[in-house]
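Now for the letters of each chain:
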Amino acid sequence: MRDCGFLTPVTENFLHAYGVGKVAFELALKFNVDPETAFIAGSLHDLGGAIPDSNRVEVAESLGIELFQEEREVPMLVHAKQGDYFAQVLFGIESHDVLDSIRYHTTCIDNASNLVKIIFIADKIHWDRNGEPPYLKGLLNALDRSLDEGCCYFLEWLWNSDLYVVHPFLVRSYGYYLKGQNFQALTRETRNVYVSEDIKKKYFLNEIVCEFQKAFGMGEKASELFPKGSDSFNKAFIAAVLSNSANTIFENQRQYVANKFGLKTGHETNESLLPKLSHYFAKNRFGIDDPELLQAILYHQQKSDCENEICYSVKIAYQKIHKEETK
Ligand SMILES: [Fe+2]
Ligand SMILES: [Fe+2]
């Protein structure tokens, strides 16, 4: 996990989630995939990370998730299947493409869709550790040529790194993309998915769902003011969802965190610090440099007029979602 010392693991996890979502959104625009779907899939890819390593196998078994021996040996690997399961049961996601993109985000898979490849790559570009990933430059160069070349580049790097175990899905991906091998098609079993209230409570799943739904809800409300697929539709969506990136910083920590980042805060309330922090993350963690988007994120809670339509749409979305929240 990335660590700058004064953000909680929960906030770091959300920043990683939205960061992967934002990279997936951009790759989707480049490779003709629906960018909003890519953002949602990217944001939810590590949903299974809500279960700590020590309990992963036990929880997976209680949910009826079938595990490979390699996943029992390295429980961290279970989080991808757990994320797929939680996306179905907690978010009602039925799209096999979205669910597969979560399931295969660490390994990719043979015959993958563009969305699956995008989430696999986005997770590696916006990595969740400190510093720059050692493969980043090569991966970006390969991606400039094609999405498949990007996947091949990273799979080669991964295959030659020090792996504790080689996941069976990785064997298929490496075989298919690098060696031209074919495998018997995988089928997704239809099953009833269910998570008990005990598990939801123990791992704060309701709170996690609530946070994501607030962000996705704002994205939907802001973008619906524009024709679907237009530049403004996409911009309103990404500005609105990323306006929520600082929400998990506790009220009594916001001033402290703002000071740590060197933000000028003046006489701010804890509430008005949130847009400043989201603006900071948009610029510094997500690499947003479009002034329209940055303005929309910074001013989304203010009642005053705004200069651009994106800013206006994000304000409207915030007011609608915030009203629903305080009802
Ligand atoms: Fe992951
Ligand atoms: Fe991740």
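Since we're looking at a predicted model, the values are computed, not measured. (Residues numbered from 1 in each chain as written. Chains lettered and ligands numbered in written order. Predicted model: local features only at pLDDT ≥ 70, side-chain atom pairs only at ≥ 80, totals over all residues.)

### A few points about the overall build of the protein
In step 1: Along the backbone of the protein there are 17 helices and zero strands.
In step 2: Taking 20 Å as the expected radius of gyration for a compact globule of 327 residues, we find that the protein reaches 20 Å, a close match to that expectation.
In step 3: Across its three principal axes, the protein shows a C-alpha extent of roughly 60 × 45 × 40 Å.
In step 4: Here the protein holds 327 residues, and 42% of them are scored as buried.
In step 5: Nonlocal contacts in the protein, meaning residues at least 24 apart in sequence, comprise 56% of its contacts between residues at least 6 apart. (Helix = DSSP H or I, 4+ residues; strand = E, 2+ residues; numbered from the N terminus. Rg over C-alpha atoms; globule rule 2.2 N^0.38 Å. Buried ≥ 20, exposed ≤ 12 C-beta atoms within 10 Å, placed from the backbone. Contact = placed C-beta atoms within 7 Å.)

### Some points on the packing of helix α12 (residues 205-223) against helix α13 (residues 231-242)
In step 1: Interhelical geometry of α12 versus α13 gives an angle of 150° and a closest axis separation of 7 Å. Relative to α13, the element α12 is oriented roughly antiparallel. Note that α12 runs across α13; the crossing there is right-handed. Listed contacts from α13 to Ala215, Phe216, Met218, Gly219, Ala222 and Ser223 of α12 are Phe233, Ala236, Phe237, Ala239, Ala240 and Val241.
In step 2: A class-by-class count of the residues in the contact of α12 with α13 yields ten nonpolar, two polar and no charged. (Axes fitted to C-alpha atoms, helices over the stretch in contact; angles between N-to-C directions. Parallel < 35°, antiparallel > 145°, perpendicular 65-115°, else oblique. Left-handed = near helix turned anticlockwise from the far one by under 90°. Nonpolar A, V, L, I, M, F, W, Y, C, P; charged D, E, K, R; others polar.)

### Some thoughts on helix α8 (residues 136-145)
In step 1: Buried within α8 are the following residues: Leu139, Ala142 and Leu143. In a view along the axis of α8, the buried residues occupy a sector of 100°, so they form one face of it. Turned more than 90 degrees away from the buried face of α8, the exposed residues are Lys137, Asn141, Asp144 and Arg145.
In step 2: Buried residues along α8 sit against α7 (114-125) and α9 (147-159). (Arc of directions from axis to C-beta.)

### So, helix α15 (residues 270-284)
In step 1: Here α15 contains 15 residues, and its C-alpha end-to-end distance of 21 Å stays within 8% of the 21 Å for a straight helix at 1.5 Å per residue.
In step 2: All of the buried residues in α15 are Leu273, Leu274, Pro275, Leu277, Ser278, His279, Phe281 and Ala282.
In step 3: Among the structural elements, α1 (9-30), α13, α14 (254-260) and α16 (291-299) are those in contact with the buried residues of α15. (Expected span 1.5 Å × (residues − 1).)

### Remarks on the nonpolar core
In step 1: Membership of the largest hydrophobic core comes to 89 residues, with the highest contact counts inside it found for Ala24, Ala38, Ile118, Ala239 and Val314.
In step 2: The biggest single contributor to this core is α1, with ten residues.
In step 3: Alanine 24 has contacts with Ala38, Phe39, Ala41, Gly42, Ile118, Ile119 and Ala122, leaving out every residue within four places of it along the chain. (Core = buried A, V, L, I, M, F, W, Y, C linked by C-beta atoms within 7 Å.)

### Some words on unusual backbone geometry
In step 1: In this structure, asparagine 32 is a non-glycine residue whose phi angle is positive, near 60°.
In step 2: Within the fold, asparagine 32 resides in the loop between α1 and α2 (35-44).
In step 3: Taking the number of C-beta atoms within 10 Å as the measure of exposure, asparagine 32 has 9 and is therefore exposed.

### Focus: the packing of helix α5 (residues 79-91) against helix α6 (residues 96-103)
In step 1: Where α5 contacts α6, the two axes come as close as 7 Å, and the packing angle between them is 150°. Put simply, α5 runs roughly antiparallel to α6. Here α5 runs over α6; the crossing is right-handed. Listed contacts from α6 to Ala80, Lys81, Gly83, Asp84, Ala87 and Gln88 of α5 are Val98, Leu99, Ile102 and Arg103.
In step 2: Among the residues making up the contact of α5 with α6, the classes are represented as five nonpolar, two polar and three charged.

### So, the environment of valine 241
In step 1: Within the secondary structure, valine 241 sits in helix α13.
In step 2: On the basis of neighbour count, valine 241 is assigned to the buried category, with 30 C-beta atoms found within 10 Å.
In step 3: For the pair formed by valine 241 and valine 314, sequence separation is 73 residues and the distance between their alpha carbons is 9.0 Å.
In step 4: In this structure valine 241 touches Phe39, Ala215, Phe216, Met218 and Gly219, once residues within four positions along its chain are discounted.

### Notes on the environment of leucine 136
In step 1: Examined against the element boundaries, leucine 136 turns out to sit in helix α8.
In step 2: Looking at leucine 136, the number of C-beta atoms within 10 Å reads 13, which means it is partly exposed.
In step 3: Taking C-alpha positions, leucine 136 is 35 Å from serine 313, a pair spaced 177 residues apart along the chain.

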